[in-house]
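Coordinate inspection notes
Each chain, written out:
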Amino acid sequence: MDDRVSRVGRFLHSKGPAEVLYGALVSSVVLAATSASAETGELVVVATAMVSVTYWLAHVYADAVGGRFEDTDHSTHHRLRHALHNNTGVLLGSLPVLVVFVIGRLIGLDVHDSAFLALWFTVAMLAAAAAFAAHRAGVRGAELLGETALAGAFGLLVIGLKLILTH
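Small disclaimer: the values here were computed from a predicted structure and weren't measured. (Residues numbered from 1 in each chain as written. Predicted model: local features only at pLDDT ≥ 70, side-chain atom pairs only at ≥ 80, totals over all residues. Heavy atoms only, no water.)

1. With respect to helix H6 (residues 111-136)
The test is simple: Numbered from the N terminus, helices here are DSSP runs of H or I no shorter than four residues, and strands are runs of E no shorter than two. Helix span, expected: 1.5 Å multiplied by one less than the number of residues in the helix. Think of a polar contact as two N or O atoms within 3.5 Å of one another; within protein, one of them needs to be a possible hydrogen donor and the other a possible acceptor, and neighboring residues in sequence only count if both atoms come from side chains.
Its 26 residues give H6 an end-to-end C-alpha distance of 37 Å, which sits within 8% of 38 Å, the value for a rise of 1.5 Å per residue. Looking at where H6 begins, the residue whose side-chain oxygen comes 3.3 Å from the main-chain nitrogen of His112 is Asp110. One or two positions beyond H6, positive phi appears at Gly138, with a value near 95°.

2. Overview of the side chain of Arg79
Quick reminder of the rule: Contacts are residue-level and defined by heavy atoms, with any inter-residue pair within 4.5 Å sufficient.
Inspection of the secondary structure assignment puts Arg79 in helix H4 (residues 76-86). Filtering out sequence-adjacent residues up to four positions away, Arg79 remains in contact with Asp63, Ala64, Gly67, Arg68, Asp71 and His74.

3. Observations concerning a nonpolar patch on the surface
The condition is simple: To count toward a patch, a residue needs a relative accessible area over 30% and no salt bridge; like charges are then connected within 9 Å, while nonpolar side chains (Val, Leu, Ile, Met, Phe, Trp, Tyr) are connected within 5 Å. With residues, only the protein chains shown are counted as cover, and all accessible areas are computed by Shrake-Rupley using a 1.4 Å probe. Salt bridges are defined by distance alone: a side-chain nitrogen of Lys or Arg within 4 Å of a carboxyl oxygen of Asp or Glu.
Side chains of Leu92, Leu95, Val99, Val102, Ile103, Leu106 and Ile107 sit close together on the surface and give an oily, nonpolar patch of about 660 Å² of accessible area. Along the chain, the position of Val102 falls in helix H5 (residues 88-106).

4. Points about the packing of H6 against helix H7 (residues 141-166)
Worth spelling out the cut-off: Under this scheme, a helix contributes an axis fitted over its contacting stretch, all axes are lines through C-alpha atoms, and angles between N-to-C directions fall in the 0 to 180 degree range. In this scheme, roughly parallel covers angles under 35 degrees and roughly antiparallel covers those over 145, while 65 to 115 is roughly perpendicular and the rest are oblique. Left-handed describes a crossing in which the near helix is turned anticlockwise from the far one by less than a right angle; the clockwise case is right-handed. Amino acids outside the nonpolar list (Ala, Val, Leu, Ile, Met, Phe, Trp, Tyr, Cys, Pro) and the charged list (Asp, Glu, Lys, Arg) are all regarded as polar, and Gly is one of them.
The N-to-C vectors of H6 and H7 enclose an angle of 160°; their axes lie 7 Å apart at closest approach. One finds that H6 runs roughly antiparallel with respect to H7. When the axes of H6 and H7 are compared, the crossing they make is right-handed. A breakdown of the residues in the contact of H6 with H7 according to their chemical character gives 17 nonpolar, six polar and two charged.

5. Some words on the environment of Ser52
Selection criterion: Exposed residues in this analysis have more than 50% of their type's maximum accessible area, buried residues have under 20%, and partly exposed residues fall in between, with area computed by a 1.4 Å probe over protein chains only.
Looking at the secondary structure, you find Ser52 in helix H3 (residues 41-66). Its relative accessible area of 4% is what places Ser52 among the buried residues. In this structure the C-alpha to C-alpha distance between Ser52 and Phe69, which are 17 residues apart in sequence, comes to 26 Å. Not counting residues up to four positions away in its chain, the partners in contact with Ser52 are Ser27, Leu91 and Ser94.

6. Here's the deal with the confidence of the model for the protein
Just so we agree on the cut-off: pLDDT is a residue-level measure of predictor confidence that goes from 0 to 100.
When pLDDT is averaged across the protein, the result is 91; 92% of the residues are at 70 or more. Here helix H1 (residues 2-13) is the element of the protein with the lowest mean pLDDT, 64, and H6 is the one with the highest, 97.

7. What about the packing of aromatic side chains?
What counts is decided by this rule: In this analysis, rings of Phe, Tyr and Trp, with Trp reduced to its six-membered ring, are considered paired at centre separations within 6.5 Å, and the interplanar angle assigns stacked below 30 degrees, edge-to-face beyond 60, and tilted for intermediate values.
Tallying each qualifying case throughout the model produces one aromatic pair. On the basis of an interplanar angle of 45° and a centroid distance of 5.7 Å, the ring pair of Tyr22 and Tyr55 is categorised as tilted. Of this pair, Tyr22 sits in helix H2 (residues 16-35) while Tyr55 sits in helix H3, and the two are 33 residues apart along the sequence. On the accessibility criterion, Tyr22 (45% relative accessible area) is partly exposed.

Have a look at this one:
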């Protein structure tokens, strides 16, 4: 149990949470755009998953090769293995958005409504993560509410994009 707790602690103190949120935002933008004109949920899932994987690989590549400028002691091959292992947050962050979309489809929602379900979930996820992070940092009251609202606003921007694309 202590090993699991220490892994979570290391994750929370690393760039992991930021990467998960970034992955969620990227996948929600792709989901919003693809669901605007898609007739099937399968197309939305495949397109969003493919873009998320491509984005993750681009993130890994940029970390491995870009980091070589600072890390002259390790080969690009070594840095690539390290980047593949340490940049999974971007990929993992895309999964909850896709899962909520698929759940919407499985319970009978159409593509449009499933997309909105996933996007509202993203708003809630972003706001909850910001509230948790701010609370852990000792923020309380109106400032906590402000930080939470600002984070949720990023998700609302994606919902605005979806509304623009569907009308």
